[in-house]
Amino acid sequence: MSASGGTKAIVAALAANLAIAVAKFVAFLFSGSSSMLAESVHSLADSGNQGLLLLGGKKAQREATPQHPFGYGRERYIYAFLVSIVLFSVGGMFAIYEGYEKIKDPHAIEAWYWPVGVLIFAIIAESFSFRTAIKESNEVRGGLSWTEFVRRAKAPELPVVLLEDLGALVGLVLALGGVGLALATGDGVWDGIGTLCIGILLILIAIVLAAETKSLLLGESAGIDDVQKIEAAVVDGDTVTRLIHMRTLHLGPEELLVAAKIAVRHDDSATEVANAINAAEERIRVAVPIARVIYLEPDIYSETAASAGENPAKAPGGSVH
């Protein structure tokens, strides 16, 4: 996995979640708090999720084969989608079930200092993990807002870790609030309500992750900046006079397919056209290094063909859009 894949953030989150999961489960055994049980399962699920992200990054590095000629870059998308399923089922649904059971049959929290102490420790540990994810993300998100970064990022690992860590911190605050109210009122129902809120939060995060990863799995085009760089690199005004139309597709986070029809001069020889295509491919790779699979089709631009039909891009010599 490349540096942009956020390996450091994943490892930091994995280490934090494993330690926190053990501490939360111990606190549950001593206190009987359903919030602590839900949170321990949440941290255990998050640990498994980070393991899935690391596994996906490893599998994505395999070389292309005749059966998979474009390689295995999308393995990272598949494993990120599995993360959303685990978060929904193991984390969210379990917490909702546990919260419902606690509300139906509430009981007082014992040894209150265990859950409170562990929750404070967990908030500190998750904050360090979240800080690492933010730092890693800042190195690649550029001028994008956080919402835009989560929605537009082609590498799924950092958005996944960011949302998981954010969800973990909010969940810990909810758990602390539920335990605190249960202790203050002597009514264990508040512990169940806190647990229920944690489950709803995890399901919402899982839905967001699933929606964004589904888009990557279906196949997304290059980002706006990369498209503009490719368009500028293709045309040199001499051998390639116009970009007729172009399609881009991410084969993986760091591998882009570019297919375009380009206009060449009508009196160029076959050798000159071949040289023009080779030169255009080289300019594209310099402008956007992740453009590793490039197919350029030469054509003679025609104003008549370009104006034909509602979708002239389908016609020979049609326009870009």
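Quick caveat: nothing in here was measured; it's all calculated off a predicted structure.

## What about helix H1 (residues 7-31)?
Part 1 of the argument: The terminal C-alpha atoms of H1 lie 36 Å apart, and with 25 residues this matches the ideal 36 Å at 1.5 Å per residue to within 8%.
Part 2 of the argument: For H1, every residue scored as buried is listed here: Ala9, Ile10, Ala13, Ala16, Asn17, Ile20, Ala21, Ala23, Lys24, Ala27 and Ser31.
Part 3 of the argument: Tucked into the core, H1 has its buried residues touching helix H2 (34-59), helix H4 (113-138) and helix H6 (157-185).
Part 4 of the argument: Residue glycine 32 follows H1 closely and has a positive phi angle near 75°.

## Digging into the confidence of the model for the protein chain
Part 1 of the argument: Looking at the protein chain, the pLDDT average stands at 86 and 92% of residues meet or exceed 70.
Part 2 of the argument: For the stretch residues 315-321, pLDDT sits under 50, and the model shows 29 contacts to residues farther than four places along the chain or on other chains.

## Quick look at a nonpolar patch on the surface
Part 1 of the argument: Together, Phe25, Leu29, Phe30, Trp112, Tyr113, Trp114 and Leu183 make up an exposed nonpolar region whose accessible area comes to about 740 Å².
Part 2 of the argument: At the level of elements, H1 and H4 are the ones that each hand at least two residues to the nonpolar patch.
Part 3 of the argument: Looking at the element boundaries, phenylalanine 25 is found in helix H1.

## Thoughts on the packing of helix H3 (residues 75-104) against helix H7 (residues 189-218)
Part 1 of the argument: Remark: H3 packs on H7, axes separated minimally by 7 Å, with the N-to-C direction vectors making an angle of 160°. On the basis of their axis angle, the class for H3 and H7 is roughly antiparallel. Both H3 and H7 take part in a crossing whose hand is left-handed.
Part 2 of the argument: A class-by-class count of the residues in the contact of H3 with H7 yields 25 nonpolar, eight polar and four charged.

## Some thoughts on the layout of surface pockets
Part 1 of the argument: Estimated volume of the largest pocket: approximately 690 Å³.
Part 2 of the argument: Every residue lining the largest pocket is counted, 22 residues in all, and those nearest its centre are Val140, Leu144, Arg152, Ala153 and Lys154.
Part 3 of the argument: Elements with a contribution of two residues or more to the lining of the largest pocket: helix H5 (146-152), H6 and helix H8 (224-234).
Part 4 of the argument: Its residues placed into classes, the lining of the largest pocket shows 11 nonpolar, five polar and six charged.
Part 5 of the argument: When its volume is computed, the second largest pocket comes out at roughly 300 Å³.
Part 6 of the argument: Along the wall of the second largest pocket there are 20 residues; nearest its centre are Ala60, Gln61, Gly73, Glu255 and Arg292.
Part 7 of the argument: Each residue belonging to the lining of the second largest pocket can be placed in one class, and the counts come to eight nonpolar, six polar and six charged.

Rules of the game
- Think of each chain on its own: its residues are numbered from 1, step by step along the sequence as written.
- Local features in this predicted model are restricted to residues whose pLDDT is 70 or higher, and side-chain atom pairs enter the listing and the counts only when it is 80 or higher, whereas totals over whole chains, interfaces and linings include all residues.
- To obtain the side-chain values, all non-hydrogen atoms of the structure were included, while hydrogens and water were left out.
- A run of DSSP states H or I qualifies as a helix once it reaches four residues; a run of E qualifies as a strand once it reaches two. Both are numbered from the N-terminal end.
- What a helix is expected to span follows from its residue count: subtract one and scale by 1.5 Å.
- Each residue gets one of three labels from its accessible area relative to the maximum for its type: buried under 20%, exposed over 50%, partly exposed in between, using a 1.4 Å probe on protein chains only.
- Whether two residues are in contact is decided by their heavy atoms: any pair within 4.5 Å suffices.
- Here pLDDT means the predictor's own confidence in every residue, given as a number from 0 to 100.
- A patch consists of residues exposed above 30% relative accessible area that lack any salt bridge, with like charges linked at up to 9 Å and nonpolar side chains (Val, Leu, Ile, Met, Phe, Trp, Tyr) linked at up to 5 Å.
- The Shrake-Rupley method, run with a 1.4 Å probe sphere, supplies the accessible areas, and residue values consider only the shown protein chains as cover.
- For this document, the term salt bridge refers to a Lys or Arg side-chain nitrogen within 4 Å of an Asp or Glu carboxyl oxygen.
- Axis lines are fitted to C-alpha atoms, over the contacting stretch for helices. Their N-to-C directions set the angle, which ranges from 0 to 180 degrees.
- Throughout this description, any angle smaller than 35 degrees is read as roughly parallel, any larger than 145 degrees as roughly antiparallel, any in the 65 to 115 degree range as roughly perpendicular, and the remainder as oblique.
- In this scheme the handedness of a crossing depends on how the near helix is turned from the far one: anticlockwise by less than a right angle means left-handed, clockwise means right-handed.
- Polar here means any residue outside two lists: the nonpolar Ala, Val, Leu, Ile, Met, Phe, Trp, Tyr, Cys and Pro, and the charged Asp, Glu, Lys and Arg; Gly therefore counts as polar.
- In the cavity and pocket records, a cavity denotes points on a 1 Å grid over the protein atoms alone where a 1.4 Å probe fits but cannot get out, a pocket denotes an open set with protein on both sides within 12 Å along at least 5 of 7 lines, and lining residues are residues with an atom within 4 Å of a point.
- Grid points are joined across faces, edges and corners, and a volume is the space filled by probe spheres set on the points.

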